[in-house]
Each structure stands twice: as structure tokens, then as C-alpha cells.
Amino acid sequence: MKKSFTTEAINLKNYPLNDNDSIVVMFSKTKGLMRAIAKGSKRPKSKLGARIQMFIANKLMLFEGRNFDTISEAQSLNTFSKIRYDLDKLSYSMYIAELVNTFCSNQYNLDENYCEIYNLLFKYYECIANSQNKNETMLYSIKFIIKFMNILGWGLDFEYCSKCQQKLNNDENKSNLFSFNSGGFICENCINEPTLSIKIHNKIRMFLLELSKLEIQSKTKYDDVVNSFVLEKCFLFLKKYIDTLTNKRTKIFEVLNKTTVV
């Protein structure tokens, strides 16, 4: 007899298995990243059809299987419906889904962080669904990336030199060098070798530092005054860091290139 279990999970994507069934990729509060079969979900009268769309949080009952678990019941907790009707919200939400899919695969030991990542992802999609414009959407995406990478143990230190651990120069009229090879900022005294790096203005670095200290829904003193140019630079900087870290391009980059001004 197959064992059943319940969990809360957020759908990240789905794809067809055959004419009637689909495979759902989701992030579970207790199981982490998982794939499950939704039988009959493509039939017109299926109760599961609407509940396996991307960016829906469900309370699920599943039966364990050899290769894939099978979804038996699904009760929607939050549909985050406004995401699917806005191209900016959809694009950034898909990018975040790709990040979770990349970093939360079986090759990483994240058992103790499943609940924390689930709660962060739930809060992110809630904030994105209710965001009022593209700037808010980008801001929440930046906050998510910073928090998510911190949970994984690959968070950025915006305050200290990655080599000598001395505090960085905070002169608002100057910049500091960020090395993608070392994965951190470098002070003037430690710049002594060729490296893949960019200059980050201290105002932007201090803005990111402020974001790293607060919860995703909390506001900073910069939130109401920061403009789209700064937000785009911040997002693209974090995206470049992740590109270098994973040595791969996520599938959503092509969509983002059409909706983000570089």
C-alpha cells in the first residue's frame, strides 16, 4: 500500500507528461524541491488543473512513488493571481523560480532550511502580486535574492573586504571594486591581481547593505526615493554574481532582456 503524506508547496512550473497528466515542479515546506504527477490535470473538468498553475501555493495530499509522488488532493492557500496578468511581475517571478530550481536541487544539503526558504518564497510572491509598479517588483526581487543567497550560505558581504576583512571605505563620492572571482568586495589595499570585477558606487553598495539587514516586506529609507536606474543596476549586478557562481544562464533571461532596460 502506498504511503500518503501532506505538505504545503508552491508551484514553480509544470509540463505535460502525456495527454492527460502533468508533472509539477514545486517547493515544499517540508520536502524542499520536488516533482509530482498530477493525474488527469489536463482534462477539462479536472479539479487539479487550476491548482497546478505556476505560482500557486497549495496544501497537498500526495502518495509516495518510486520515481515521482502523485498528487491526490490540492487545496489552494494563495493563488497570487495578479502575477499572471502583468509581464514584469511574471518575468521576475519566473526568474526567482529558476533560482530556486537551480540552487535547491538534490546536490545541495538544505534540509534544515526548507521551511525558511518556503516562507521567504511565499512572502516574495505575495509582495510581487501586490506590487504597484515595475520599480516595486524589482525592489522585492532584489530583496529576495539577497535573503535567499544568505540562507544558502553564499550571501554577499556589503560591508567588509573579502580578502583582508577590513571595513570598506564608505565615502559616498567613491566606489569599491567587486571581484566576481572572489565573490566579494575588495578594498584599495587588496587590489593587486587581475580579476573579473566591476566598480560599484558606494551609494548603491550602502543601499544593498541596508536591504540585507531587513525582512523582505520591511521598508528602508531608500525605498521611496530610489529610481529605476539604480534598481536595474542593482538587479543586474546580483544577476551577474549568480551567473558567475552557477556558470549557467537561467531559462528566463531571454524574457528579462525584453522587459529590463540595461
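Position labels on residues start from 1 in each chain and follow its written sequence. For this predicted model, a pLDDT threshold of at least 70 governs which residues receive local features, and a threshold of 80 or more governs which side-chain atom pairs are given and counted, while totals over whole chains, interfaces and linings are taken from all residues. Computation of side-chain values covers all heavy atoms of the structure but excludes hydrogens and water.

Looking now at the sheet that holds strand S7 (residues 184-186). Read across the open sheet, the three strands follow the order S7-S6-S8; overall the sheet is antiparallel. Two strands bound the open sheet, and with one partner strand each, they are S7 and strand S8 (197-201). Taking the axes of each pair of neighbouring strands and ignoring which way they run, one obtains an average angle of 40° across the sheet. Only strands that DSSP links by at least two bridges are regarded as paired with each other. Per the convention used, a helix needs a DSSP run of H or I reaching at least four residues, while a strand needs a run of E reaching at least two, with both numbered from the N terminus. Pairing between strand S6 (residues 175-179) and S7: three bridges, direction antiparallel. The residue of S7 that forms the bridge with Leu177 is Ile186. Pairs of residues are marked as contacts when any of their non-hydrogen atoms sit within 4.5 Å. Axes here mean lines fitted to C-alpha atoms, for a helix over just the part in contact, with angles spanning 0 to 180 degrees between N-to-C directions. Sitting on the sheet, helix H4 (residues 202-212) touches S6, S7 and S8, and the angle it makes with S8 is about 80°.

On to the sheet that holds strand S4 (residues 57-63). Through backbone hydrogen bonds, the strands of a sheet pair up, either in parallel or in antiparallel fashion. Strands sit in the order S1-S2-S3-S5-S4 around a closed barrel of five strands; the barrel is mixed. Each neighbouring strand pair of the sheet contributes to a mean axis angle of 50°, computed without reference to strand direction. The sheet contact formed by strand S2 (residues 22-28) and strand S3 (residues 32-38) spans seven bridges and is antiparallel. If you follow Ser22 over to S3, its bridge partner there is Ala38. Along the sheet, helix H2 (residues 114-130) makes contact with strand S1 (4-16), S2, S3, S4 and strand S5 (69-78), crossing S1 at roughly 55°.

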